[in-house]
Amino acid sequence: MTNGEMLQTIWLTLWSSALAVLLIFPATVCLAWLMARKQWPGKTLVDTLVSLPLVLPPVATGLVLLKMLGRRGPLGGWLYHNWGFEIAFTSKAVVIALGIMSFPLLVRSLRTAFEEVPVRLEGIARTLGHGPAYVFFTVSLPLAKRGIIAGIALAFARAMGEFGATIMVAGMIAGETNTLSLSIYQLVQTGHDQDAIKLLAVSVMIAFMALAISNKLSNRKARP
Amino acid sequence: MSLRIEHLKLQLAGVSLQVTWSFDQPVTGLYAPSGSGKTTLLEIIAGLRKPDAGVIYLAGKKLDDVSQRIHLPPNKRHMGYVPQDLALFPHLNASQNLHYGVQPADDFQSEWLEKIIHTLELSPLLHRNSQKLSGGEKQRLALGRALLTRPKLLILDEPLSSLDERLKNRIIQYLIRIRNEFHIPMIYVSHHKDEHHLLCDELLTIEDGLLKPHPIN
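The structure reproduced in this document is the subject of the present report. Please read these numbers as outputs of a predicted model, since none were measured by experiment.

Topic: the overall build of chain A
No. 1: Of regular secondary structure, chain A possesses 11 helices and zero strands.
No. 2: In chain A, the order of α-helices and β-strands from amino to carboxyl end is α-α-α-α-α-α-α-α-α-α-α.
No. 3: Each of the three principal axes of chain A carries a C-alpha extent, and together these read 65 × 40 × 30 Å.
No. 4: Counted over contacts in chain A with a minimum sequence separation of 6, partners at least 24 positions apart contribute 74%.

Structure (C-alpha cells):
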C-alpha cells in the first residue's frame, strides 16, 4: 500500500465519520431531548428500536441496510429507478452505515447530557416569559454543551471503528469504501501485515484522541 | 391581590393538597412545616405543575381549569417566581441573568430597569460571574430578574433561608421596598414568623393538606 493510498484511506474514514455524525446530530438531539424530558406513548418501543444496533451483530444491521438500500431493496430500488441514484457499495453507503451504528450511542450520550440539566432552571426560564424553544436554545442546550461535545466525540470514535455493517452494505472498494478498519482487515488477509500495523497505529491514535476529549469533558461535567 | 383558587386538588407521593382561597391582600405569607406541600402549591400557581382538579384565576383571567383542560403555560402567566435555590443560570453572567426575561418585542422601559437596579443596588454586580456572587447578591439578582418581567404576582419561596441573620435583615429591607414601591402582589413563604410580621398582610398555613388562615403575631 502506497503512502498516498494510506492517506486516502485515512481521509475517507475521517470525513465519512464526521459527515455521519453531522447528519445524525439534529435527529439525535431531538430524540434525546424527547427521551429525557417527555413522557409519550411508544417511548420504550422507540428507545428499544433505536438501541438495537448497539446489541445486534453489526453485520446483521449491515444486512438490513443492504436489503433496504440495494438496487432491489425498497428504498434503494426506488432511488435507482426514479433518480438513477445508487447507494449500496458507494461512499454514501459508508456514511449511512457509520451514521446508523453511531446513532444509539449519540442518543444515549445526549439523553444523559439533557437529563443532567436541572428541570428547575428550564421551569424558571419559562416563568420569565419564554416559550419552550427559546428555553431549549438558551438554557438546555448551553448547559448540556459539554455532554453533547463528549457524545459527539464518542460517536465519532465509534464511527471510525465501524466494520461489520460497512462491509455488508458498502463492500471493500479501494479508494471508495475502504475505511481504516476495512483496509486493516484486507491488508491482513492479503499478507501485508506491516501496512496493516501502520493503519492500526493511526486508528489507535485517532480513537485515543476522540475518547480522551470525550472523557475529559465527561469528567469535567461530573464535577460539582 | 386577585389570585383565586377554587377546589384545587393534588395528590402526589407524600403530598395531598385541597385548596380553596381568595388571595385578597397585597402580601400573603405562607407558613407551614417542610413536606406540607408549600412548594408544590407555588409550582401549581406558577404553572410548573398541573393540579389534579380545580380552577385558578389571576386578575379575572383563568389560568387553570382542569375540567375544561385549560392550563396556561408558565410563560403566559405573568408571574415572577423566585425559588429557594434562586435558580440563577450558571452559564450566564449577572447582567445576562437579570435581562433574561426581557422579550425583544416588549415595549421595554428603561425606567423600570433603572428602578429595579437602583432599588436592589444591582449596578456593582452586573458584570460579575453570577456563580461568584455572595448569597445576598444572588438573592437580589434573582429578585431583580423576576421583577424585570413586570409580573402580576411575585412568588417568593423561602428566599432568605440560606442567609445569615445580618444578610436576612438587609434583604428583608429590599423586600419591604419592593412591597412599598413596586406595588406587586406577593406570596411569601418562610418558616420565620418575624419575616411574615414585617412583610405580610395576612398569613396562611397548610394543615393536613388544607390551606387555612394563621395568626400573624
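On we go from here.
Observations concerning the overall build of chain B
No. 1: A tally of regular secondary structure across chain B gives six helices and 11 strands.
No. 2: By the compact-globule yardstick of 17 Å for 217 residues, chain B fits well, its C-alpha radius of gyration being 17 Å.
No. 3: Taken along the three principal axes of its C-alpha coordinates, chain B extends 45 × 40 × 30 Å.
No. 4: Per-residue burial for chain B yields a buried fraction of 43% across its 217 residues.
No. 5: In chain B, the proportion of contacts linking residues at least 24 apart, taken out of those at least 6 apart, comes to 68%.

A look at the nonpolar core
Note on soluble globular proteins: their nonpolar side chains tend to be buried together.
No. 1: Residues Leu65, Ala93, Ala97, Phe156 and Val169 of chain A together with Ile155 and Tyr188 of chain B are the most contacted members of the largest nonpolar core, which totals 116 residues.
No. 2: At 15 residues, the largest contribution of residues to this core is made by helix α5 (residues 91–115) of chain A.
No. 3: Not counting chain neighbours up to four residues away, the residues in contact with leucine 65 of chain A comprise Ile96, Ala97, Ile100, Ala165, Met168 and Val169 of chain A.

Things to note about helix α1 (residues 38–46) of chain B
All names here are of chain B.
No. 1: Burial runs high along α1: eight of the nine residues are buried.
No. 2: Every buried residue of α1 is listed here: Lys38, Thr40, Leu41, Leu42, Glu43, Ile44, Ile45 and Ala46.
No. 3: Of the residues one or two after α1, glycine 47 is the one with positive phi, at around 90 degrees.

Quick notes on the environment of leucine 160 of chain B
All names here are of chain B.
No. 1: In this fold, leucine 160 is placed in the loop between β8 (153–157) and α5 (165–182).
No. 2: Taking C-alpha positions, leucine 160 is 31 Å from lysine 62, a pair spaced 98 residues apart along the chain.
No. 3: The contacts of leucine 160, once residues within four sequence positions are left out, are Lys168, Ile171, Ile172, Ser190 and Glu195.

Overview of the interface of chain B and chain A
No. 1: The interface is formed by 17 residues belonging to chain B together with 14 residues belonging to chain A.
No. 2: Residue contributions to the side of chain B that touches chain A peak at three residues, all from strand β7 (residues 79–82) of chain B.
No. 3: A per-class count over the side of chain B that touches chain A returns 10 nonpolar, six polar and one charged.

Describing the pairing of strand β1 (residues 3–12) of chain B
All names here are of chain B.
No. 1: Both β1 and strand β2 (residues 15–23) contribute to a ladder of eight bridges, which runs antiparallel. Each residue of the ladder has a partner; that of leucine 3, found in β2, is phenylalanine 23.
No. 2: Turn length for the β1-β2 hairpin, with the two strands adjacent in sequence and antiparallel, is two residues, and the turn residue glycine 14 shows positive phi of about 85 degrees.
No. 3: Pairing of β1 with strand β4 (residues 53–58) involves five bridges; the strand directions are antiparallel. Its bridge partner being in β4, lysine 9 is matched across the sheet by alanine 53.

Observations regarding α5 of chain A
Residues and elements named next belong to chain A.
No. 1: Taking 1.5 Å per residue, 25 residues should reach 36 Å; α5 reaches 35 Å between its end C-alpha atoms and fits that length.
No. 2: The sharpest bend along α5 comes to roughly 40 degrees, located at phenylalanine 103, with the proline proline 104 sitting one to four residues further on.
No. 3: Burial runs high along α5: 21 of the 25 residues are buried.

Some points on the packing of helix α6 (residues 119–127) of chain A against helix α7 (residues 132–143) of chain A
Residue and element names in this part refer to chain A.
No. 1: At a minimum axis separation of 10 Å, α6 and α7 run at an interaxial angle of 140 degrees. On the basis of their axis angle, the class for α6 and α7 is oblique. Note that α6 runs across α7; the crossing there is right-handed. Residues Leu121, Glu122, Ala125 and Arg126 of α6 form the contact with α7, whose participating residues are Val135, Val139 and Ser140.

What counts, and at which threshold
Residues numbered from 1 in each chain as written. Chains lettered and ligands numbered in written order. Predicted model: local features only at pLDDT ≥ 70, side-chain atom pairs only at ≥ 80, totals over all residues. Helix = DSSP H or I, 4+ residues; strand = E, 2+ residues; numbered from the N terminus. Contact = placed C-beta atoms within 7 Å. Rg over C-alpha atoms; globule rule 2.2 N^0.38 Å. Buried ≥ 20, exposed ≤ 12 C-beta atoms within 10 Å, placed from the backbone. Core = buried A, V, L, I, M, F, W, Y, C linked by C-beta atoms within 7 Å. Nonpolar A, V, L, I, M, F, W, Y, C, P; charged D, E, K, R; others polar. Pairing = 2+ DSSP bridges. Expected span 1.5 Å × (residues − 1). Bend = angle between axes of the 7 residues up to and from the residue. Axes fitted to C-alpha atoms, helices over the stretch in contact; angles between N-to-C directions. Parallel < 35°, antiparallel > 145°, perpendicular 65-115°, else oblique. Left-handed = near helix turned anticlockwise from the far one by under 90°.

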